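Structure at a glance
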Amino acid sequence: MSQIIQVELHTHEIPRMFNRFCSLVGEDTWLTRAKKVKSEIKGNSSLSALLREENMMALSFSALSSLRQTYGVLPSDVKLLQPFYMALGFAAQALSLMENSDPQSCKRILGRVKGAFRNPDDMRAMQVELLAATHFTRKGFQVAWPEAAGGRHDIDVVNLGSHGLQVECKSVSNDKGRKIHRREALEFFSLIEKGLRAVSTKLTTGLILVITVPDRLPTQFSARKQLGSRILEQFMLGKSIELDDSTDIRIGEFDFSLVSEKMVGNTWRGDHALVDAITGTINREAMMIGGESGGVLVVVQSRKDDSFLGSLFGMLETSAKSQVSKTKPVLFFVSFHGLQGGELKEVGDETGDQPTALRVRASEFLNRTDIDHVVGVHFADRGSLVPRVDSDRSHVGNVYSFKKSYSPYWEDQLDSLFR
């Protein structure tokens, strides 16, 4: 059975819609999570930006609840609500699914919504499913969630072509392919930041500090702290070295003027491509500590790190072989939630003379004969995650699409999905 999903939201509808969502889901669902996040930030300020980003929905809903408590009802003032359009869009879409489903499906969706507030990964997974469903609904197709009937993929586009279309949604973070995830790197940076900041104020040039561990960072805090102390000692000596445990510490100079104009106070505002060029690394977690005339650019990575795109397409291959039916066409819908501010455009931009890495890997993936049922891949950054609000797109992101029109499962009607 197809399900209705709301793709437009009018400002005057918001107060009543939010009341219904609160009654159905329960405000404690996000208030409890927001309280836990704020407590964690208080205990470790180095994780503040990461925790706020990962739990943006719970924190946004908490702020909306505060507004409702202040005014008695959530106001329909555009200026007050605009920062929360993504959260309100999520509420409207989830609510439309629940209210237009049978009791069993409604209960299942409600469970997913509550679980999504508790787990950022589940929230991102649900967001990308809603994004995909919105995409197909706006094009006039009907969508269904096959999980309600025991299916393994995320969405069915039921009235597309002769057999319909399977859609499998994936939410991918910058941690894909990394042995050291962003949170681990930030926690490790906090151990060495104070020592490096004391040095940076006296520098008249730029220094790089690239730390490459053999596999992962130590799991025990005492071992991490010991490693941090050893790194600081070596940094003070100014000499690169490989430690007894095979951790490589590389120290070198760079022209600080390349990054000085990108520093706003103590915060780095430059793009990651510049970090990669200076340090000779690729898409690794980095920290920039700068004074007036010099600073330290730190990168931590694992010798066993894999290619981001290699890991991504490996995941799609596994899904194509084991998660979807091979007797019907399938489209992958991939959202890069960690890429923003034009970073996906940098990965997928086709304005240059050479094909991008994204296009090359997508072509290799689609050309495989053992997954002929895959008819295409959509890649989107986190920008496009909300419905229209009063006919305005509150977030517009970059989308790159690749199709396999020579697939034996291809039908002409599929072509409309790639325009």
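Preceding this paragraph is the structure being described.
The sections below set out a description of the structure shown in this document.

1. Focus on the side chain of K404
Within the secondary structure layout, K404 lies in the segment after β16 (399–403). Here K404 falls in the buried class, since its relative accessible area comes to 0%. If we skip the residues at most four places from it in the chain, K404 touches L366, N367, R368, I371, D372, V374, V375, G376 and W410.

2. Topic: the packing of helix α4 (residues 56–71) against helix α6 (residues 85–99)
The N-to-C vectors of α4 and α6 enclose an angle of 90 degrees; their axes lie 9 Å apart at closest approach. With respect to α6, the element α4 is oriented roughly perpendicular. On the side of α4, the interface is formed by M56, M57, S60, F61 and L64, while α6 contributes M86, A87, L88, F90 and A91. Taken together, the residues of the contact of α4 with α6 sort by class into nine nonpolar, one polar and no charged.

3. Some remarks on the packing of helix α13 (residues 308–322) against helix α15 (residues 357–366)
Helix-helix packing is described using two parameters, namely the angle between the two axes and the distance between the axes. Following both chains from N to C, one finds α13 and α15 inclined at 25 degrees, their axes separated by 11 Å at the closest point. Taken together, the axes of α13 and α15 are roughly parallel relative to one another. Seen along the crossing, α13 lies across α15 with a hand that is right-handed. Contacts from L309, G310, F313, L316 and E317 of α13 reach α15 at A357, L358, R361, A362 and F365.

4. Some thoughts on the sheet that holds strand β10 (residues 285–290)
Within the open sheet, the five strands sit side by side as β6-β7-β5-β11-β10. Their pairing is mixed. The open sheet terminates on both sides in strands that have one partner only, identified here as β6 (241–242) and β10. Taken together, the eight bridges between strand β5 (residues 206–213) and strand β11 (residues 295–302) define a ladder with parallel strand orientation. By the bridge assignment for β11, I211 is matched with V300. In the packing of helix α10 (residues 221–237) onto the sheet, contacts are made with β5, β6, β7 (248–254) and β11, and the angle to β5 comes to roughly 145 degrees.

5. Section: the sheet that holds strand β13 (residues 374–381)
Taken in spatial order, the six strands make up an open sheet running β2-β3-β4-β12-β13-β16, and their pairing is mixed. Looking at which strands have only one partner, the edges of the open sheet turn out to be β2 (143–144) and β16. Here seven bridges tie strand β4 (residues 165–172) to strand β12 (residues 330–336), and the two strands are oriented parallel to one another. Residue C169 lies in a different strand from β12, and its bridge partner there is F333. Against the sheet, helix α8 (residues 120–138) makes contact with β2, β3 (155–157), β4, β12 and β13, and its axis sits at roughly 140 degrees relative to β4, the strand it touches most.

How each quantity is defined
- Residues numbered from 1 in each chain as written.
- Predicted model: local features only at pLDDT ≥ 70, side-chain atom pairs only at ≥ 80, totals over all residues.
- Heavy atoms only, no water.
- Helix = DSSP H or I, 4+ residues; strand = E, 2+ residues; numbered from the N terminus.
- Buried < 20%, exposed > 50% of the residue type's maximum accessible area, 1.4 Å probe, protein only.
- Contact = heavy atoms within 4.5 Å.
- Axes fitted to C-alpha atoms, helices over the stretch in contact; angles between N-to-C directions.
- Parallel < 35°, antiparallel > 145°, perpendicular 65-115°, else oblique.
- Nonpolar A, V, L, I, M, F, W, Y, C, P; charged D, E, K, R; others polar.
- Left-handed = near helix turned anticlockwise from the far one by under 90°.
- Pairing = 2+ DSSP bridges.

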